[in-house]
Amino acid sequence: MIRNLIALAGILALLTGCAADSASPSAAGDASPAQAAENPAPAWASLTPEDLPGETEDLSSFFAKSSPAVCLLGTAEEADVALYGLNPGYGGGILLRDGDTLTHFDQAFSALSLPDLWWADFDEDGGEELAVRFLTEQDDQGGCAYDLAFYHPSPAGWELCSVSRDNCAQLLLTEIETDWDSRTLQLTVAWADRQASCSLPESTDSDPLILGHTCLFVEESGHFSVILDAWVPALSASLAVFRAEILYDGNSFRFQNIRMESDPGV
């Protein structure tokens, strides 16, 4: 019996890619006294711009430090904007410094590589935004996952549009077809007039496909594209690779010019 691999219920609510519940920013000192009494300020809220480092460092032992630590991840010098990483002692995530104002975001980053920063008018509204590419995961099977984030300055503060690996995978699931025949053990992914199939071992579980075991973001002349693979854990290989251009409008993102390429790994 052929059935869709992954239930799409609940995914449509996430298609904007700007999930406020998972990445809503918070600024130091923005809680009322009553709120502060009920919810103690996070550890990072004690930091001031004077506490922040002025140079990047080797991050190999950053997350292993037992005491609270902060590191410089990168700067957009033309805008006096900088990003700082927090270890678990400060609650994790990142701080965005705009002049003397600090804003916290729940963004993961890897100690293996510093993020890449761009300052440009990505949504073509006449004002610049900060785009950041974070390495988040890398494994011994060749998987390498990045997140892309757009930080948009506004009168109310900095607004985040998260073009994360998870959000891209969920959006791609609404565009492609994925089928798993549990009788013949045949897995198929398809887009437009292209498809790729493979046979899996009998021990394969009910969800044999992962979108985004590898997730890369490529920048060219101020425009971004995403590359996502369709990974088959049972075979430790990719069945196909999808590429799409990212259209960011200042609030959300969508894909255009999706392409599917068969991967020789299967």
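These numbers were taken from a predicted model, which means no experiment stands behind them.

Examining the overall build of the protein
Tallying secondary structure elements over the protein gives three helices and 17 strands in all. Considering only contacts within the protein whose residues lie at least 6 apart along the sequence, 48% involve residues at least 24 apart. Carbon together with sulfur atoms contributes 47% to the accessible area of the protein, which is approximately 13300 Å² in total.

A look at the side chain of Asn87
Structurally, Asn87 can be placed in the loop between strand S4 (81-86) and strand S5 (94-98). Asn87 sits in the buried class, given a relative accessible area of 0%. A distance of 2.9 Å separates a polar atom in the side chain of Asn87 from the backbone oxygen of Ser67. At 2.9 Å, the side chain of Asn87 forms a polar contact with the backbone nitrogen of Ala69. For Asn87, the contacting residues outside a window of four places in its chain are Phe62, Phe63, Lys65, Ser67, Pro68, Ala69 and Gly92.

Here we look at the pattern of salt bridges
Oppositely charged side chains are able to pair whenever their charged atoms sit close together. Tallying each qualifying case throughout the model produces six salt bridges. Here Asp116 and Arg133 are joined by a salt bridge, their closest N and O atoms 2.9 Å apart. Note that Asp116 is positioned in strand S7 (residues 116-120) and Arg133 in strand S8 (residues 129-138), a separation of 17 residues in sequence. By relative accessible area, Asp116 is classed as partly exposed at 31%. Across the pair Arg165 and Glu137 runs a salt bridge whose closest N-O atoms are separated by 2.9 Å. Of this pair, Arg165 sits in helix H3 (residues 165-173) while Glu137 is found in strand S8, placing the two residues 28 residues apart along the sequence.

Focus on H3
Of all the nine residues making up H3, seven are buried; the element is thus mostly covered by neighbouring parts of the structure. The complete set of buried residues in H3 reads Arg165, Asn167, Cys168, Ala169, Leu171, Leu172 and Leu173.

Section: the nonpolar core
Counting 42 residues, the largest nonpolar core has Phe150, Val163, Phe217, Val226, Ile246 and Phe255 as its most contacted members. Among the elements that make up this core, the one with the highest residue count is strand S16 (residues 237-248) (six residues). In this structure, Leu59, Val81, Leu83 and Ala149 belong to the second largest nonpolar core, which totals 20 residues.

A short note on a negative patch on the surface
The grouping of Glu77, Glu78, Asp125 and Glu128 at the surface amounts to a negative patch. Examined against the element boundaries, Asp125 turns out to sit in the loop between S7 and S8.

Some points on the state of the cysteines
Tallied over the full model, the rule gives zero disulfides. The thiol of Cys168 is not disulfide-bonded; the next cysteine sulfur, from Cys215, is found 5.3 Å away. Residue classification places Cys168 among the buried positions, given a relative accessible area of 0%.

Structural notes on the confidence of the model for the protein
The predicted model of the protein averages 86 in pLDDT, with 84% of residues at 70 or higher. With pLDDT under 50 throughout, residues 19-23 is counted as low confidence; its partners more than four residues away or in other chains account for three contacts.

A look at the pairing of strand S17 (residues 253-262)
Alignment of S16 against S17, held across eight bridges, turns out to be antiparallel. Within the sheet, the bridge partner assigned to Tyr248 lies in S17 and is Phe253.

Observations regarding the environment of Thr204
By secondary structure assignment, the location of Thr204 is in the loop between strand S13 (194-199) and strand S14 (210-220). The spatial distance from the C-alpha of Thr204 to the C-alpha of Ser182 is 9.1 Å, given a sequence separation of 22 residues. What Thr204 contacts, discounting residues up to four positions off in sequence, is Trp180 and Ala234.

Some details on the packing of aromatic side chains
In this description, a pair of aromatic rings is defined by centroid distance and the angle of the planes. The final tally for this structure, using the stated rule, is 11 aromatic pairs. On the numbers, 5.2 Å between centres and 45° between planes, the contact of Phe63 with Phe109 is tilted. Here Phe109 lies in the loop between strand S6 (101-105) and S7 and Phe63 lies in the loop between helix H2 (33-38) and strand S3 (70-76), a separation of 46 residues in the sequence. When the ring of Phe122 is compared with that of Phe224, the centres are 5.6 Å apart and the planes differ by 50°; the resulting orientation is tilted. Here the residue Phe122 occupies a position in the loop between S7 and S8, and Phe224 occupies one in strand S15 (residues 223-232), the gap between them amounting to 102 residues. Assessed through its relative accessible area of 9%, Phe122 is described here as buried. Take Phe224: its relative accessible area is 3%, and that puts it in the buried class.

Parameters at a glance
- Residues numbered from 1 in each chain as written.
- Predicted model: local features only at pLDDT ≥ 70, side-chain atom pairs only at ≥ 80, totals over all residues.
- Heavy atoms only, no water.
- Helix = DSSP H or I, 4+ residues; strand = E, 2+ residues; numbered from the N terminus.
- Contact = heavy atoms within 4.5 Å.
- Areas by Shrake-Rupley, 256 points an atom, 1.4 Å probe, with all protein chains shown as cover.
- Buried < 20%, exposed > 50% of the residue type's maximum accessible area, 1.4 Å probe, protein only.
- Polar contact = N/O pair within 3.5 Å; in protein donor to acceptor, adjacent residues only side chain to side chain.
- Salt bridge = Lys/Arg side-chain N within 4 Å of Asp/Glu carboxyl O.
- Core = buried A, V, L, I, M, F, W, Y, C linked by side-chain atoms within 4.5 Å.
- Patch = residues over 30% accessible without salt bridge, like charges linked within 9 Å, V, L, I, M, F, W, Y side chains within 5 Å.
- Lys, Arg positive; Asp, Glu negative; His and termini not counted.
- Charge placed at Lys NZ, Arg CZ, Asp CG, Glu CD.
- Disulfide = S-S within 2.5 Å.
- pLDDT = per-residue confidence, 0-100.
- Pairing = 2+ DSSP bridges.
- Phe/Tyr/Trp six-rings, centres within 6.5 Å; stacked < 30°, edge-to-face > 60°.

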